[in-house]
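Breakdown of the fold
This is what each chain is made of:
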Amino acid sequence: MNIRPARVGDVPAIQELIRTFADRKLMIRRSLGELYESIREFLVATDDNGQIIGCVALHVFWEDLAELKCLAVSEHAHGRGVGRALLDSCWEASRLLEIKTVFTLTYVADFFEKCGYHRIEKADLPHKIWNECVRCPLFPNCNEIALIRSVATEWQTVNGELATTSV
Ligand SMILES: CC(C)(COP(=O)(O)OP(=O)(O)OC[C@H]1O[C@@H](n2cnc3c(N)ncnc32)[C@H](O)[C@@H]1OP(=O)(O)O)[C@@H](O)C(=O)NCCC(=O)NCCS
């Protein structure tokens, strides 16, 4: 397995990978336009033949906050550490950008907890992140769970916004 930044030529495979889970309402469907526009945010995992078996995106929200999104691993590659490797690479990418906190909204909270994320109340996430959610057909009744991974030793809520303390 190899993990690398995505290229524009990867977009159809990324869209298809996401679609397989979006059809089961496990993920949000992404248009080709959205994917091309955000291709620089994506990492992909490839197998020995160069085929895409996983993807993830890191979307920067603010100076200290990014969202991990669009995580998907091909069903035939599940359980082999691809998802964890994608999260680790994303975390490394966020460190290089000097982002202190990465959050995600997900139905697979147990998986994220195994990979170093901690559950938080959705209400504790900054209001600016809800832009995308309001476009989702499940809004406001989705059951996604919010989790964060932070370089902070502790996090706290200040005026409804997530704040971090660096170690
Ligand atoms: C969730 C997903 C990314 C996991 O990918 P994966 O490559 O199978 O996961 P890994 O093999 O890296 O697993 C890492 C650890 O998490 C565990 N794990 C994997 N999927 C899990 C799940 N759904 N729930 C709880 N634990 C899970 C593994 O058992 C492993 O644990 P271990 O270290 O104790 O052995 C993959 O199942 C997937 O693409 N699901 C559908 C799309 C989706 O739900 N994406 C998340 C949207 S935010």
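Thresholds applied
- Residues numbered from 1 in each chain as written.
- Predicted model: local features only at pLDDT ≥ 70, side-chain atom pairs only at ≥ 80, totals over all residues.
- Heavy atoms only, no water.
- Buried < 20%, exposed > 50% of the residue type's maximum accessible area, 1.4 Å probe, protein only.
- Helix = DSSP H or I, 4+ residues; strand = E, 2+ residues; numbered from the N terminus.
- Pairing = 2+ DSSP bridges.
- Salt bridge = Lys/Arg side-chain N within 4 Å of Asp/Glu carboxyl O.
- Axes fitted to C-alpha atoms, helices over the stretch in contact; angles between N-to-C directions.
- Contact = heavy atoms within 4.5 Å.
- Lys, Arg positive; Asp, Glu negative; His and termini not counted.
- Phe/Tyr/Trp six-rings, centres within 6.5 Å; stacked < 30°, edge-to-face > 60°.

Per an unreviewed UniProt entry, the protein chain goes by Acetyltransferase, N-acetylglutamate synthase and derives from Singulisphaera acidiphila.

1. Concerning the pairing of strand β2 (residues 42–46)
For β2, the buried fraction is high: 5 of the 5 residues fall into the buried class. Covered by surrounding structure in β2 are F42, V44 and T46 together with L43 and A45, the residues of both alternating faces. Inspection of the sheet shows strand β1 (residues 2–5) paired to β2 by 4 bridges, in the antiparallel sense. Paired with I3 across the bridge in β2 is A45. Sheet analysis places β2 next to strand β3 (residues 52–62), joined by 5 bridges and oriented antiparallel. When the sheet's bridge partners are listed, F42 is paired in β3 with A57. Hairpin connection from β2 to β3: 5 residues lie between these consecutive antiparallel strands, with G50 at a positive phi of about 85°.

2. Quick word on the pattern of salt bridges
Counting across every chain of the model gives 8 salt bridges. Two residues, R24 and E75, come together in a salt bridge whose shortest N-O distance is 2.9 Å. Taken together, the residues span a long stretch of sequence, with R24 in the loop between α1 (11–22) and α2 (32–37) and E75 in the loop between β4 (65–73) and α3 (82–96) at a distance of 51 residues. R119 serves as the salt-bridge partner of E113, at 3.1 Å between the closest nitrogen and oxygen. According to the relative accessible area criterion, R119 is partly exposed, its value standing at 40%. Overlapping salt bridges bring together E16, R19, D23 and R29 as one network.

3. With respect to the sheet that holds strand β6 (residues 118–120)
A sheet is described by the order of its strands in space; here 7 strands give the open sequence β1-β2-β3-β4-β5-β7-β6, paired in mixed fashion. The strands lining the two open edges of the sheet, one partner per strand, are β1 and β6. In this sheet, adjacent strand axes meet at a mean angle of 30° when their direction is disregarded. Sheet contacts for α1: β2, β3 and β4; angle to β3, the most-contacted strand, approximately 90°.

4. Looking at the side chain of E67
Looking at the element boundaries, E67 is found in strand β4. One buried charged residue, E67, forms no salt bridge at all, with the nearest opposite charge on K69 at 4.4 Å. Setting aside residues up to four positions removed in sequence, E67 forms contacts with A57, L58, H59, F61, V102 and F103.

5. Considering the environment of G116
In this structure, G116 sits in the loop between α4 (109–114) and β6. Exposure remark for G116: the relative accessible area of 31% places this residue in the partly exposed category. Taking the C-alpha atoms as reference points, G116 and S150, 34 residues apart in sequence, are found 9.2 Å from one another. Excluding residues that lie within four positions of it along the chain, G116 makes contacts with I148 and R149.

6. Some points on the packing of aromatic side chains
One pass over the structure, following the stated rule, counts 3 aromatic pairs. Taking the centre distance of 5.8 Å and the plane angle of 35° together, the rings of F61 and F103 count as tilted. Residue F61 is found in strand β3, and its partner F103 is found in strand β5 (residues 101–106); the two are separated by 42 residues along the sequence. Taking the centre distance of 5.4 Å and the plane angle of 80° together, the rings of F111 and F112 count as edge-to-face. Here F111 falls in the partly exposed class, since its relative accessible area comes to 27%. F112 gets classed as buried once you look at its relative accessible area, which sits at 2%.

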